[in-house]
Amino acid sequence: MAGVRANLEHPGWVRLYPINFRYLDSKEKFDKYDIVSVDAIPARGGDQRRESWRPLMGTLVKERHLPPWKQRRAWLDAYVEHSMCRLNQDARNTADSKSLALVQPREVGDLKLSLHGGWTKEEQRKIDAYVNQLDLLDDQDRTPLEAPRFRGAYRYRCWNKRCRGHEQGLLDWEFVVLQRRLRHYSDAEKRHELKKKFLDMMCATKRDVAFYVGNQAKRRHVFSVLGVYYPER
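Residues numbered from 1 in each chain as written. Predicted model: local features only at pLDDT ≥ 70, side-chain atom pairs only at ≥ 80, totals over all residues. Heavy atoms only, no water.

1. Some points on helix α2 (residues 84-93)
Next, step 1: All of the buried residues along α2 are Met 84, Leu 87, Asn 88 and Ala 91. Within α2, the buried residues cover an arc of 100° as seen down the axis, which keeps them to one side.
Next, step 2: Where the residues of α2 are buried, they touch β7 (80-81), β8 (100-103), β10 (150-157), β11 (166-169), β12 (210-215) and β13 (223-229). (Buried < 20%, exposed > 50% of the residue type's maximum accessible area, 1.4 Å probe, protein only. Helix = DSSP H or I, 4+ residues; strand = E, 2+ residues; numbered from the N terminus. Arc of directions from axis to C-beta. Contact = heavy atoms within 4.5 Å.)

Right, dumping it as structure tokens:
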């Protein structure tokens, strides 16, 4: 989960990991654009990204929800930046570079859809390890996350004058949930509905679209789109 600090004396991005969102208790459930309070400790091990924290889920309290879009803009517009090229360069050159950002594209060319093909060995290893860890803590049946039918990737150009374009995988949880809701649709129908929402609607010219982007702990130069910010202009 990624967000920004509500403590305005210490603004900035925060990554909370791990959170097994599907199995949160009812008192721990929260939605996108909720304000929550939670105790956390700095991430350990192989994750040295400055924004990464390990949440102590027993302390999490949902405070309130921010309805679209006016209240959300008050919190997030100040974080919007315009050069994905600069973020990539910083990630290559600086060990402590920013690993989360909200980037406004100059133009969105396409949402590329391809058959998923199942989890990689590394992805499956992480899923299995986390499920097995949870099984040790309680006796609730834990079902490993099923791979969606399609992978998605945005193709866009940022506002850097020399930008040659970016292609970044889409890791938005809503992208997976929508595919589950469309499980009885044909592949052609799924493609149509996914593009209708994540390209035609979210990236319409009437919106101030921006992409939440984040990189990987082991591959800091690889950024993905974690979600879409799309208030109307």
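2. Details of the pattern of salt bridges
Next, step 1: Under the criterion given, the structure shown has 21 salt bridges.
Next, step 2: Here Glu 107 and Arg 157 are joined by a salt bridge, their closest N and O atoms 2.8 Å apart. Separated by 50 residues along the polypeptide, Glu 107 in strand β9 (residues 107-115) and Arg 157 in strand β10 bring together distant segments of the chain.
Next, step 3: Between Glu 167 and Lys 112 there is a salt bridge, with its nearest N and O atoms 3.5 Å apart. With Glu 167 in strand β11 and Lys 112 in strand β9, this pair connects stretches of sequence that are 55 residues apart. (Salt bridge = Lys/Arg side-chain N within 4 Å of Asp/Glu carboxyl O.)

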